[in-house]
Amino acid sequence: MLTRRSAFVSLACLAAAIALPAAALAQATAQPPAASAAKPAAADPAALLTRLYKAAAKDNAGGAFVNNAKERGKYLSKSLAALWTKAEAKVPQGEIGPIDFDPVSNSQDPDIKSFVIKTESQDDTRATLAVALIGSQSRKVAADGVIRYELVRDGTSWRIDDIRGSVDGQAWSVRQMLEASLKN
């Protein structure tokens, strides 16, 4: 026997059965596909540094890329790469260039076991990232184990526009060292 109560429950169940798929369909069409929701690697400035430091931790090559003008273009902004090339051209044959250490590891002898990258600031065209380095030996001054990168967007890719750090607590900047070398 059909009562008002059983009829009401039956109608409520029928309404819910119709409404749930409709709501799910509306939600699915309102959200972008999962692939477009994820940031592409080129849009993430940390991707460049992750690639660089994974290679450095693997073979302790550190910033070997800066010694090759063609490789610099993959990592450095056009202005920093040009400045570096110009500063090196001024160095007499057989002499050491203006950057006489590995800025990626902040050392003469790269020793990178692991690293942590933190975004300090970022907008559409510029980003500052800090990389905390972990090596087999601790540093005398903890701040010397943090390298900061100023990055700029070059089309869809990010490029390093400056590398900053400290030695024994004294600040250095690759860009400033290169500029200073041209004044001498």
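The sections below set out a description of the structure shown in this document. (Residues numbered from 1 in each chain as written. Predicted model: local features only at pLDDT ≥ 70, side-chain atom pairs only at ≥ 80, totals over all residues. Heavy atoms only, no water.)

## Considerations on the side chain of Arg 175
Phase 1 of the analysis: Its place among the elements puts Arg 175 in helix H6 (residues 174–183).
Phase 2 of the analysis: Owing to a relative accessible area of 17%, Arg 175 belongs among the buried residues under this scheme.
Phase 3 of the analysis: Setting aside anything within four residues of it in sequence, one finds Arg 175 in contact with Ser 77, Ser 79, Leu 80, Leu 83, Asp 161 and Asp 162. (Helix = DSSP H or I, 4+ residues; strand = E, 2+ residues; numbered from the N terminus. Buried < 20%, exposed > 50% of the residue type's maximum accessible area, 1.4 Å probe, protein only. Contact = heavy atoms within 4.5 Å.)

## Observations concerning unusual backbone geometry
Phase 1 of the analysis: The phi angle at Asn 106 is positive, at roughly 55°, despite the residue not being glycine.
Phase 2 of the analysis: Within the secondary structure layout, Asn 106 lies in the loop between helix H5 (78–89) and strand S1 (114–122).
Phase 3 of the analysis: Residue classification places Asn 106 among the buried residues on the basis of a relative accessible area of 6%.
Phase 4 of the analysis: Although it is not a glycine, Asp 168 adopts a positive phi angle of roughly 50°.
Phase 5 of the analysis: If you trace the backbone, Asp 168 turns up in the loop between strand S4 (157–167) and strand S5 (170–173).

## A look at the packing of H5 against H6
Phase 1 of the analysis: Interhelical geometry of H5 versus H6 gives an angle of 40° and a closest axis separation of 9 Å. In terms of orientation, H5 and H6 fall into the oblique class. Like other packed secondary-structure pairs, H5 and H6 cross with a definite hand, here left-handed. Note on element contacts: H6 touches H5 through Val 174, Arg 175, Leu 178, Glu 179, Ser 181 and Leu 182, opposite Ser 79, Leu 80, Leu 83, Trp 84, Lys 86 and Ala 87. (Axes fitted to C-alpha atoms, helices over the stretch in contact; angles between N-to-C directions. Parallel < 35°, antiparallel > 145°, perpendicular 65-115°, else oblique. Left-handed = near helix turned anticlockwise from the far one by under 90°.)

## Focus on helix H3 (residues 45–59)
Phase 1 of the analysis: End to end, H3 covers 23 Å across 15 residues, agreeing with the expected 21 Å (1.5 Å per residue, within 8%).
Phase 2 of the analysis: Looking at the packing, one finds that the buried side of H3 touches helix H4 (69–75), S1, strand S2 (126–134), strand S3 (146–154) and S4.
Phase 3 of the analysis: Residue Asp 44 occupies the N-cap position of H3, its side-chain oxygen lying 3.1 Å from the main-chain nitrogen of Ala 46. (Expected span 1.5 Å × (residues − 1). Polar contact = N/O pair within 3.5 Å; in protein donor to acceptor, adjacent residues only side chain to side chain.)

## Remarks on the packing of aromatic side chains
Phase 1 of the analysis: The tally for this structure, following the rule as stated, stands at three aromatic pairs.
Phase 2 of the analysis: Arranged with centres 5.5 Å apart and planes meeting at 40°, the rings of Tyr 53 and Phe 115 form a pair that is tilted. Within this pair, whereas Tyr 53 is found in helix H3, its partner Phe 115 is found in strand S1, the two being separated by 62 residues in sequence.
Phase 3 of the analysis: Relative accessible area serves as the criterion here: at 0%, Tyr 53 is assigned to the buried category.
Phase 4 of the analysis: Residue Phe 115 is classed as partly exposed on the basis of its relative accessible area, which comes to 21%.
Phase 5 of the analysis: Aromatic side chains Tyr 53 and Tyr 149 sit 6.1 Å apart centroid to centroid with 85° between the ring planes, which places their arrangement in the edge-to-face category. Here Tyr 149 lies in strand S3 and Tyr 53 lies in helix H3, a separation of 96 residues in the sequence. (Phe/Tyr/Trp six-rings, centres within 6.5 Å; stacked < 30°, edge-to-face > 60°.)

## Quick notes on H6
Because each turn of an α-helix spans 3.6 residues, side chains separated by three or four positions end up pointing in the same direction.
Phase 1 of the analysis: Three or more residues of H6 are buried, namely Val 174, Arg 175, Leu 178 and Ser 181. Looking straight down H6, one finds that the buried residues subtend no more than 130° of arc, so they occupy a single side. Opposite the buried face of H6, by more than 90 degrees, sit the exposed residues Gln 176 and Lys 183.
Phase 2 of the analysis: Contact partners of the buried residues in H6: H5, S4 and S5. (Arc of directions from axis to C-beta.)

## Observations regarding the sheet that holds S5
Phase 1 of the analysis: The five strands lie next to each other as S1-S2-S3-S4-S5, forming an open sheet whose pairing is antiparallel. The two strands at the open ends of the sheet, each matched to only one other strand, are S1 and S5. Within the sheet, the average angular offset between the axes of one strand and its neighbour, ignoring direction, is 25°.
Phase 2 of the analysis: H6 contacts S4 and S5 of the sheet and is inclined by roughly 70° relative to S5. (Pairing = 2+ DSSP bridges.)

## A word on the pattern of salt bridges
Phase 1 of the analysis: As enumerated under the stated definition, the model contains six salt bridges in all.
Phase 2 of the analysis: In this structure, the salt-bridge partner of Glu 88 is Arg 72, at a minimum N-O distance of 2.7 Å. Of this pair, Glu 88 sits in helix H5 while Arg 72 is found in helix H4, placing the two residues 16 residues apart along the sequence.
Phase 3 of the analysis: Judged by relative accessible area, which is 32%, Glu 88 ranks as partly exposed.
Phase 4 of the analysis: Residue class for Arg 72 comes out buried when judged on its relative accessible area of 1%.
Phase 5 of the analysis: Measuring nitrogen to oxygen at the nearest pair gives 2.8 Å for the salt bridge that ties Asp 161 to Arg 175. Remark: Arg 175 occurs in helix H6 and Asp 161 occurs in strand S4; sequence separation between them is 14 residues.
Phase 6 of the analysis: A single salt-bridge network, built from bridges that share partners, covers Arg 126, Asp 161 and Arg 175. (Salt bridge = Lys/Arg side-chain N within 4 Å of Asp/Glu carboxyl O.)

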